[in-house]
Amino acid sequence: SLMRIRLVFAACVTAASSSALLPGVLGAQSASFVYQLGKDTVAVEQFTRSATGIVGEMVQRTGAAVMRFHYDMRLGRDGRPTTAAFRRLAADGAVPPNAPSETRLRMTTDSVIREVIWPDSTQRRAFAAKGAMVHFPTFVYGPTEVLAASAAMRAVSTMSTPVPRIFTRRAG
């Protein structure tokens, strides 16, 4: 069966156009999405978008398991992502066992630097990726307008976040 998605808007969400990405044009805008499978709510996302970034949180329920996913993406003057930070949390806000506390991405002109923050260490790795974008897990759609408009302006590479497979899905 197909998933029925019901969108609940808390405020006006901008259209995906390159003019919407210009700094100073937008004030902060907030929105919420409620994702349903039949009458069952499977996820809720809330985010706030401004000219300099987007911050949000998604809560997903799979059976009895509840996970939270917090994201913060900062944008440059051209509307492209410059940094992104992700936190996967349990329902109570604690970091799940054996999981990193945060993952950070920093986009440069020709690469992406990924930092995975663990309680006792930080793993850093650089990837060659000119004009890189950020990949978000399923049910995180708030940044889509920003990324789609930016990608439409020029050819881009995609940098995937190190999120467990249960958070990603392939169209098929």
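What counts, and at which threshold
- Residues numbered from 1 in each chain as written.
- Predicted model: local features only at pLDDT ≥ 70, side-chain atom pairs only at ≥ 80, totals over all residues.
- Heavy atoms only, no water.
- Helix = DSSP H or I, 4+ residues; strand = E, 2+ residues; numbered from the N terminus.
- Buried < 20%, exposed > 50% of the residue type's maximum accessible area, 1.4 Å probe, protein only.
- Areas by Shrake-Rupley, 256 points an atom, 1.4 Å probe, with all protein chains shown as cover.
- Pairing = 2+ DSSP bridges.
- Polar contact = N/O pair within 3.5 Å; in protein donor to acceptor, adjacent residues only side chain to side chain.
- Contact = heavy atoms within 4.5 Å.
- Phe/Tyr/Trp six-rings, centres within 6.5 Å; stacked < 30°, edge-to-face > 60°.

Trainee: For this particular structure, what's the right way to read the overall build of the protein?
Mentor: Across its full length, the protein carries one helix and 11 strands. Along the chain direction, N to C, the helices and strands of the protein fall in the order β-β-β-β-β-β-β-β-β-β-α-β. Looking at the protein as a whole, 41% of its 172 residues qualify as buried. With the model as given, the accessible surface of the protein reaches about 9600 Å², and the carbon-plus-sulfur share is 56%.

Trainee: Teacher, can you tell me more about the pairing of strand β4 (residues 53–62) here?
Mentor: As paired strands, strand β3 (residues 40–50) and β4 are joined by eight bridges and run antiparallel to one another. Within the sheet, the bridge partner assigned to Arg49 lies in β4 and is Ile54. In textbook terms, the turn of a hairpin is the stretch between consecutive antiparallel strands, and for β3 and β4 this stretch comprises two residues.

Trainee: What exactly am I supposed to notice about the side chain of Glu102 here?
Mentor: With respect to the secondary-structure elements, Glu102 resides in strand β7 (residues 102–107). Within polar-contact distance, the side chain of Glu102 engages the side chain of Arg104 at 2.8 Å. Aside from chain neighbours lying at most four places away, what touches Glu102 is Ala85, Phe86, Arg87, Glu115, Val116 and Ile117.

Trainee: I would appreciate a short explanation of the pairing of strand β6 (residues 81–90) in the present structure.
Mentor: Working note: regular strand, side chains alternate between the two faces of the sheet. Across nine bridges, the pairing between strand β5 (residues 65–75) and β6 is antiparallel. Note that in β6 the partner of Arg74 across the bridge is Thr83. Linking two consecutive strands that pair antiparallel, namely β5 and β6, is a turn of five residues; a positive phi of about 85° is found at Gly79 within it. Bridge count for β6 against β7 is four bridges, and the pairing is antiparallel. Along β7, the bridge assignment pairs Thr83 with Arg106.

Trainee: Quick question: what am I supposed to make of the environment of Ala132 here?
Mentor: Mapped onto the fold, Ala132 is located in strand β10 (residues 132–135). Along the backbone, Ala132 and Thr82 are 50 residues apart, and their C-alpha atoms lie at a distance of 9.3 Å.

Trainee: How should I be thinking about the packing of aromatic side chains in this particular structure?
Mentor: What characterises a pair of aromatic rings is the spacing of the ring centres plus the angle enclosed by the ring planes. Within this structure, the stated rule accounts for seven aromatic pairs. On the basis of an interplanar angle of 65° and a centroid distance of 5.5 Å, the ring pair of Tyr71 and Phe136 is categorised as edge-to-face. Within this pair, whereas Tyr71 is found in strand β5, its partner Phe136 is found in the loop between β10 and α1 (144–153), the two being separated by 65 residues in sequence. As far as burial versus exposure is concerned, Tyr71 and Phe136 are alike and both buried. Three or more aromatic residues link up through ring pairs in this structure, and these residues are Phe33, Tyr35, Phe47, Phe139 and Tyr141.

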